[in-house]
Structures are given as C-alpha cells and as structure tokens.
Amino acid sequence: MYIVKTIGYRHDIMGINSTRTFHAKSGIDLMREYTINESLSSLDSVYMDLIENPRPFGQIIAGKLISQGLLSQGSTILEAGGGYGTLMASLLDACCETVRKVVMADLSRGLLLKQKKRLEPWAEKCSFVNTDIHEMLHAVKGIDILIMNEVVGDLDTMTGLVPGSLPVSAGTVIEKYGLDMPETGPFCLNSGAINAVEAVCQNGFSAFISEHSSDPIIPHDMPWLAKGLELDGWPREIKLFGHSEYTIRFAHLIKVAHTLGRKTLTGSYIDLAGLKRRPSYRFIFEAGACSTHEQEIILEFLDHIREYRWMIIL
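Right, let's walk through the structure included here. (Residues numbered from 1 in each chain as written. Predicted model: local features only at pLDDT ≥ 70, side-chain atom pairs only at ≥ 80, totals over all residues. Heavy atoms only, no water.)

This part is about the overall build of the chain. Helix and strand counts for the chain stand at twelve helices and 14 strands. Viewed in the frame of its principal axes, the chain has a C-alpha envelope of about 55 × 50 × 40 Å. Buried positions account for 56% of the 314 residues belonging to the chain. Long-range contacts, defined here as pairs at least 24 residues apart, represent 77% of the contacts in the chain between residues at least 6 apart. (Helix = DSSP H or I, 4+ residues; strand = E, 2+ residues; numbered from the N terminus. Buried < 20%, exposed > 50% of the residue type's maximum accessible area, 1.4 Å probe, protein only. Contact = heavy atoms within 4.5 Å.)

This part covers the pairing of strand β7 (residues 157-161). Consecutive side chains of a regular strand alternate in pointing toward one face of the sheet and then the other. Most of β7 is tucked away: four of the five residues are buried. In the sheet, strand β2 (residues 16-17) pairs with β7 via two bridges, with the strands oriented antiparallel. Along β7, the bridge assignment pairs I16 with M158. For β7 and strand β9 (residues 187-189), the ladder comprises two bridges, and the chain directions are antiparallel. Of the residues in β9, the one forming a bridge with L161 is F187. (Pairing = 2+ DSSP bridges.)

Turning to helix α7 (residues 168-177), a few remarks are in order. When α7 is considered as a whole, its buried residues turn out to be A170, G171, I174 and Y177. Viewed end-on, α7 has its buried residues packed into an arc of 155°, placing them on one side of the element. (Arc of directions from axis to C-beta.)

This part covers the packing of aromatic side chains. Scanning all chains against the criterion turns up six aromatic pairs. Summarising the aromatic geometry, the rings of F57 and Y269 are spaced 5.2 Å apart at their centres and angled 45° between planes, so their arrangement reads as tilted. In this pair, F57 is assigned in helix α3 (residues 57-67) and Y269 in helix α10 (residues 269-273), connecting sequence segments 212 residues apart. Judged by its relative accessible area of 0%, Y269 is buried. Ring geometry for W224 and F285: centres 5.8 Å apart, planes at 55°, overall tilted. One end of the pair, W224, is in the loop between β10 (206-212) and β11 (237-240); the other, F285, is in helix α11 (residues 279-287), and 61 residues separate them in sequence. Chaining the aromatic ring pairs together yields one cluster made of F57, Y269 and Y308. When the ring centre of W234 is taken as reference, the NZ or CZ atom of R249 above it lies at 3.8 Å. (Phe/Tyr/Trp six-rings, centres within 6.5 Å; stacked < 30°, edge-to-face > 60°. Lys NZ or Arg CZ within 6 Å of the ring centre and 35° of its normal.)

Let's shift gears to unusual backbone geometry. For the bond from G185 to P186, the omega torsion is 0°, close enough to zero to count as cis. Structurally, the position occupied by P186 is in the loop between α7 and β9. A positive phi angle, near 55°, is found at E150, a position not held by glycine. Structurally, the position occupied by E150 is in the loop between β6 (145-149) and β7. The class of E150 is buried, set by a relative accessible area of 12%.

All right, on to the pairing of β11 then. Pairing analysis gives four bridges linking β11 to strand β12 (residues 243-246), with the strands arranged antiparallel. When the sheet's bridge partners are listed, K239 is paired in β12 with S244. Adjacent in sequence and paired antiparallel, β11 and β12 are bridged by two residues, among which G242 carries a positive phi angle near 80°.

The next subject is the sheet that holds β9. The antiparallel open sheet is built from three strands, whose spatial order is β2-β7-β9. What marks the edges here is a single partner per strand, and that holds for β2 and β9.

So, about the environment of I194. Relative to the elements of secondary structure, I194 occurs in helix α8 (residues 191-203). Judged by relative accessible area, I194 falls into the buried class, the value being 3%. Those residues in contact with I194, other than ones at most four positions away along the chain, are V173, L179, L189, L253 and V256.

Where charged atoms from two side chains of opposite charge approach closely, those side chains can pair. What the rule picks out here adds up to eleven salt bridges. Across the pair E135 and R20 runs a salt bridge, and its minimum N-O distance is 3.9 Å. You can see E135 sitting in helix α6 (residues 133-136) and its partner R20 sitting in helix α1 (residues 20-25), a full 115 residues away along the chain. Using a relative accessible area of 27% as the deciding quantity, one classes R20 as partly exposed. For D180, the salt bridge is made with R249, and the minimal N-O distance between the two is 2.7 Å. Here D180 is found in the loop between α7 and β9, whereas its partner R249 is found in the loop between β12 and α9 (250-259), with 69 residues between them in sequence. The exposure classification of D180 matches that of R249, with both residues buried. (Salt bridge = Lys/Arg side-chain N within 4 Å of Asp/Glu carboxyl O.)

Let us now look at the side chain of H134. With respect to the element layout, H134 can be found in helix α6. There is a polar contact of 3.0 Å between the side chain of H134 and the backbone nitrogen of D156. If sequence neighbours within four positions are ignored, H134 has contacts with R20, L155, D156, G192 and N195. (Polar contact = N/O pair within 3.5 Å; in protein donor to acceptor, adjacent residues only side chain to side chain.)

It is worth stressing that arrangement in space is one thing and function is another; only the former is reported here.
Given below as structure tokens:
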C-alpha cells in the first residue's frame, strides 16, 4: 500500500527537471533518441517485419482514435511536440479528407520548420505555433483532439520529493487528486504531465498521450517481457543528449482525469502496434545475445516498446 495519509509541507521545492531551455535553444537531433514513432515511420523500416499489420505509427494512432469515435469528419487536431512531423504526415496521408485542420505546436523553432516542410502536401490544413506547451494548453480552444506522443516525459518533473516533507505545490496536487506515493523518498512527480491532463479535462477536448512508463502494462501472454522492469514504479530519469526526461506514472494521470470527471482508456504499445507473437522473440529477449543483425533489431525493439504506454482521455 503506497498511500501516505499524512502529508507534511515545506516551502522549498527540492528540484524541477526542465527541458525548456534545451528545446528552445538547442539544435535538436531526434535521431539521438530511440522512438517508436520514428522506428515505425514508414513501410520501409526494418522494424515493420515485427508488426502483424504493418503501417506507419501515425496511422496506428489514427485507427485507434477512429475506433473510439474521436477522429471523425471535420476534426481539428492539435499535436504538441510533433518532432519531425512524421506522425502527423502518416495520419494525414490516411485521413486527409476527415481532418479539417491541424495545429502543430512546438517550443523548438527548428523542429517547427522541419514539421512545416514535412507537411507541405497538406499546407492548406496546417498551421504552426511556436509556444511552450506548459503555458498554452490551458488557453487552447476550438480543437477536438490533442496528440502528445512521446512528449510528456519532457515536461517539468519535480524531483527529490520526500513524503512527510513535501513542497506545498507537490502536496497540494497529491492531496487534491488522492495520488499515491512511496512510503519513503526521494521520489519524483510528473507535475508537467499532470498539468497537461488538467488542461485537457478542463477545456473539454479529447487527448492521446503516450510515453515511457514507470508503471508499464505487459501483455498477459508475454510475461517474460517484464524481466528487469519495475511494473509499479515511480518516475525515473532517462539521460539523453543535452537533457534528461522522466518516465511517466500513468496511474497518476488516469486518477487526475477520473477526478475531473473524464473517462480514459489505456494500454501497452505492444498491443497498440500489434507486435507479432513469435516463440523466437522470447528466446532472443531472454538470451540477450544476438548472432545476426535481425536478432539485434528484434532485441532492440522489444527492449524499448515494452516500457511504452498510451492513454486516451475521452
């Protein structure tokens, strides 16, 4: 049982991990980071052989949104932190006639330029906004769906928190939503991601959110993929080139959405992408040793995709 009923307060914040300066001022090269979106960006990708129904990742997300009645004729989509525009390009390639308007919001001017170039075939539908997600989401109006794919781990995270001696800002959020926390510290809190969920719920649109998870979902028929993972953990640091991001405790985001009166769906990327079930995958993963390039591709993909989780706010 992780809930601590008595919360003490202190007025200094232990620390906040912020990537704002990095994304605003750095020349960002996303190829330094492994992402499922870029791995499944086209049918030519070597990773497509691992998927039952090969299609670009943006189309996988589009299919999920359509199945829930969220992406329908005349929809307006906001994608926050859209990287190179890869996801939106594949979504529009499949659903151009359905989507009325797309807004791409990003803190990086360089990435916005890349998005604009990538989305040139649909220029009449697309607009681009240079803005900080932390500040803009509460002011967003007139959209139907927000997509934040592999982004919320970059939002502000409170670090070094200790139960019984929390900064007021952390203690207030934890009490308001009845969030669990470990019995001892230090631990981290995805404050930026929680703020984003609050904005979605308060403004009444739907959202697709995905990221590395600190409480991942492992499919029941692939329990061996849990090896070495903490399935009910707390946000941990992922050190990347020039900055750090944090895994997301999805149980917290779901609790916030439910408290604010919204319904949610959630699941693993493994099932979302439709990973093939092959006995050889288990052998390769558990052995952790590869004798061929194909085996290296399988091991790399399994090791990454198992930690990803998605949620939809309906």
